Amino acid sequence: MALESPLARVRRIDVKGNTTIAQANVVADSGIELGESLWQVNAKAASARIERRLPMVQSAGVTVDWLHGAVSLALRERQVVAVYADAGSFYELLNNGYVFAAEPPSATAVSTRIGF
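Residues numbered from 1 in each chain as written. Predicted model: local features only at pLDDT ≥ 70, side-chain atom pairs only at ≥ 80, totals over all residues. Heavy atoms only, no water.

Some details on the nonpolar core
Reasoning step 1: Counting 19 residues, the largest nonpolar core has Val 26, Ile 32, Ile 50, Val 71 and Leu 73 as the members making the most contacts within it.
Reasoning step 2: Listing elements by their share of this core, those giving two or more residues are strand S1 (12–16), helix H2 (43–53), strand S2 (57–65) and strand S3 (70–77).
Reasoning step 3: Ignoring any residue separated from it by four or fewer positions in sequence, one finds Leu 73 in contact with Ile 13, Asp 14, Val 15, Lys 16, Val 26, Val 27, Ser 30, Ile 32, Ile 50, Gly 61 and Val 62. (Core = buried A, V, L, I, M, F, W, Y, C linked by side-chain atoms within 4.5 Å. Buried < 20%, exposed > 50% of the residue type's maximum accessible area, 1.4 Å probe, protein only. Helix = DSSP H or I, 4+ residues; strand = E, 2+ residues; numbered from the N terminus. Contact = heavy atoms within 4.5 Å.)

Have a look at this one:
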């Protein structure tokens, strides 16, 4: 039966467009697993899950290649538009206004408080 065939299983998961997010994090947050039935892959739900769980992702597209048993996760990451310092930590401001995680200051960095 075709539904139970190993050919109808996810044999490969590819991630494209990620420059700051680890591939393993994208795959884990997609909810798609190796060995899962291709029939059970919900591209729309996986895309929404990635966008919801990873704030650095602006958009995610999910496609299924039935011939090769592959799922492709194509990301468009948000851009960092500003970095600011506060109380010795640095924060990245993303293009959606979200403040991303604080970065600890390095030994050579000079912490300057900037007021606007």
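On we go from here.
Here's the deal with unusual backbone geometry
Reasoning step 1: Positive phi, normally seen in glycine, also occurs at Ala 87, with a value near 55 degrees.
Reasoning step 2: Inspection of the secondary structure puts Ala 87 in the loop between strand S4 (80–86) and strand S5 (89–94).

A closer look at the packing of aromatic side chains
Reasoning step 1: A full pass over the atoms with the stated rule returns two aromatic pairs.
Reasoning step 2: Centre to centre, the rings of Tyr 84 and Tyr 91 are 5.4 Å apart; their planes meet at 25 degrees, and the pair counts as stacked.
Reasoning step 3: On the basis of relative accessibility, which here comes to 34%, the residue Tyr 84 falls in the partly exposed class. (Phe/Tyr/Trp six-rings, centres within 6.5 Å; stacked < 30°, edge-to-face > 60°.)

Details of the pattern of salt bridges
Reasoning step 1: Per the counting criterion, the structure on display carries one salt bridge.
Reasoning step 2: Between Asp 14 and Arg 12 there is a salt bridge; the shortest N-O distance is 3.1 Å. (Salt bridge = Lys/Arg side-chain N within 4 Å of Asp/Glu carboxyl O.)

Description of the side chain of Ser 37
Reasoning step 1: Locating Ser 37 in the fold gives a position in the loop between helix H1 (23–30) and H2.
Reasoning step 2: With a relative accessible area of 8%, Ser 37 lands in the buried category.
Reasoning step 3: Among the polar contacts made by the side chain of Ser 37, one reaches the main-chain amide nitrogen of Trp 39 at a distance of 3.1 Å.
Reasoning step 4: Contacts of Ser 37, omitting those with residues within four sequence positions, involve Ala 8 and Arg 9. (Polar contact = N/O pair within 3.5 Å; in protein donor to acceptor, adjacent residues only side chain to side chain.)

Details of the pairing of S4
Reasoning step 1: One ladder, built from six bridges, connects S4 with S5; its direction is antiparallel. Directly across from Asp 86, in S5, lies its bridge partner Ser 89.
Reasoning step 2: Where S4 folds back on S5, the antiparallel hairpin that results is connected by two residues, among which Ala 87 adopts a positive phi of roughly 55 degrees. (Pairing = 2+ DSSP bridges.)

Topic: the sheet that holds S3
Reasoning step 1: Ordered in space as S1-S3-S2, the three strands form an open sheet in which the pairing is mixed. Of all the strands in the sheet, just S1 and S2 have a single pairing partner and so form its edges. Neighbour to neighbour, the strand axes of the sheet diverge by 15 degrees on average, direction disregarded.
Reasoning step 2: As paired elements, S1 and S3 share five bridges and run parallel to each other. If you follow Asp 14 over to S3, its bridge partner there is Ser 72.
Reasoning step 3: Its contacts with the sheet place H1 against S1 and S3, and it is angled at close to 120 degrees to S1. (Axes fitted to C-alpha atoms, helices over the stretch in contact; angles between N-to-C directions.)

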